[in-house]
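Here's the letter readout for the chains.
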Amino acid sequence: METGDRRKLELDSWAGRILGKQVSSGFSLQPASDDASFRRYFRYSGDISFIFVDAPPEMEDSRPFVHVAGLMRKAGLNVPVVLDSDLDQGFMMLTDLGSTLYLDRLAMDSAVEIERLYRDAFISLVRLQRIESSLPLYDENLLRSEMDLFPNWFMGRKLGIENHDTILLEQIFKLMVENAQAQPQVFVHRDYHCRNLMVTEDNNPGIIDFQDAVVGPVTYDLVSLLKDCYHKFPRNQVEKWVEGFRQRLLDDGRLHNIGAQEFMRWFDFMGFQRHLKCAGIFSRLQLRDGKDRYLADIPLIIHYMIEVCECYEELSRFGYWLNEEILPRVKGFKSPLSVLE
């Protein structure tokens, strides 16, 4: 029996003891969702629904999840409650926030309803950024290690581009680090987007996948939300929302003497850093982990990067290279959004 199957039986047994169910009588948890990590999620649907998590301890440390969940709940945010756990085995039992993602609603809801959902997301983001913590810093080493995924996994392993302008790439990396460090540093979820926000009746949104939280740039989660790798909003809508959030920060007293243009530059450059990382991560997920579905999201990422390069002179040379060398290669990745057709 494969390790994954054995772990599922062990999780069923652990969950059965908690729920008072006999595995031998046919009790088995049902798959709830997959993940870009090694975690797996299963649902128990009874009078009350619960989520059970399998996070192999040699691959995933669940302690940060438990810690960050406590910080976020204390701040009034809607996150899963850890009802029981065996962290040595890598098992957790959580409250169930449902199965409706923001992503599900983006394709079917009216503009008015989407505006409401994102207003809720902005309110929760303000609360999140107020959290005081001693979480790890989003420092230069972490920022650079993320950006290194772009030449290593995306350019090198996925596209086969071994020879590239290392001086130009270093100039870009330096700009991105300087931009991140110039911003106020706050609590950062790191993946605050439409696949990690759940539509809930009370205290919307439900927030998941926060275990990698750090202290970092104030625009990071805003970029994750509005330059989402899985859904594209029109640029004018993004600019409107960004300015609205800047006003929230000013009113909240956590932003001082930062004009709209400077804040937009912070936002765009932060998105550029994030998308360098995401192109590398999605390539790694496909090549190393066999998760092919992420490949189709890379064209949108490149589109975002080209869009930013067209707005800022210091990125124009890199933008030319993206257009000439990268864009023709990624069009064949079959983006579901057809933004590059």
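Structure shown above.
Residues numbered from 1 in each chain as written. Predicted model: local features only at pLDDT ≥ 70, side-chain atom pairs only at ≥ 80, totals over all residues. Heavy atoms only, no water.

S.K.: Explanation requested: the sheet that holds strand S5 (residues 91-95) in the structure shown.
M.R.: Sheet strands pair by backbone hydrogen bonding; their relative direction is either parallel or antiparallel. Here we have 5 strands laid out as an open sheet, ordered S1-S2-S3-S5-S4, and antiparallel in their pairing. Each of the sheet's edge strands pairs with one partner strand only, and the pair in question is strand S1 (30-33) and strand S4 (82-86). Averaged over all neighbouring strand pairs, the angle between strand axes comes to 30 degrees, with direction disregarded. Pairing geometry for strand S3 (residues 49-54) and S5, over 5 bridges, is antiparallel. Residue pairing in the sheet places Asp54 in a bridge with Phe91 of S5. (Pairing = 2+ DSSP bridges. Helix = DSSP H or I, 4+ residues; strand = E, 2+ residues; numbered from the N terminus. Axes fitted to C-alpha atoms, helices over the stretch in contact; angles between N-to-C directions.)

S.K.: How should I be thinking about the environment of Gln261 in this particular structure?
M.R.: Inspection of the secondary structure puts Gln261 in helix H10 (residues 260-287). Linking Gln261 and Cys278, residues 17 residues apart in sequence, is a C-alpha distance of 25 Å.

S.K.: When you look at the packing of aromatic side chains in this model, what are you seeing that I'm missing?
M.R.: Tallied over the full model, the rule gives 20 aromatic pairs. For the ring pair Tyr118 and Phe233, a centre distance of 5.1 Å and an interplane angle of 80 degrees mean the geometry is edge-to-face. With Tyr118 in helix H4 (residues 111-129) and Phe233 in the loop between helix H8 (220-226) and helix H9 (235-252), the pair connects residues that are 115 residues apart, well separated along the chain. When sorted by exposure, Tyr118 lands in the same class as Phe233, which is buried. With a centroid separation of 5.2 Å and 50 degrees between ring planes, the pair formed by Tyr138 and Tyr220 is classed as tilted. Separated by 82 residues along the polypeptide, Tyr138 in the loop between H4 and helix H5 (140-147) and Tyr220 in helix H8 bring together distant segments of the chain. On the basis of relative accessibility, which here comes to 3%, the residue Tyr138 falls in the buried class. For Tyr220, a relative accessible area of 0% puts it in the buried group. In this structure, Lys8 packs its charged tip against the face of Phe42, placed 5.1 Å from the ring centre. Between the NZ or CZ atom of Arg195 and the centre of the ring of Tyr230, over which it lies, the distance is 3.9 Å. (Phe/Tyr/Trp six-rings, centres within 6.5 Å; stacked < 30°, edge-to-face > 60°. Buried < 20%, exposed > 50% of the residue type's maximum accessible area, 1.4 Å probe, protein only. Lys NZ or Arg CZ within 6 Å of the ring centre and 35° of its normal.)

S.K.: Looking at this model, I keep getting lost on the side chain of Asp268. Mind explaining?
M.R.: Within the secondary structure, Asp268 is located in helix H10. A distance of 2.9 Å separates a polar atom in the side chain of Asp268 from a polar atom in the side chain of Lys227. Ignoring sequence-local partners within four residues, the contact set of Asp268 consists of Lys227, Arg235, Val308 and Tyr312. (Polar contact = N/O pair within 3.5 Å; in protein donor to acceptor, adjacent residues only side chain to side chain. Contact = heavy atoms within 4.5 Å.)

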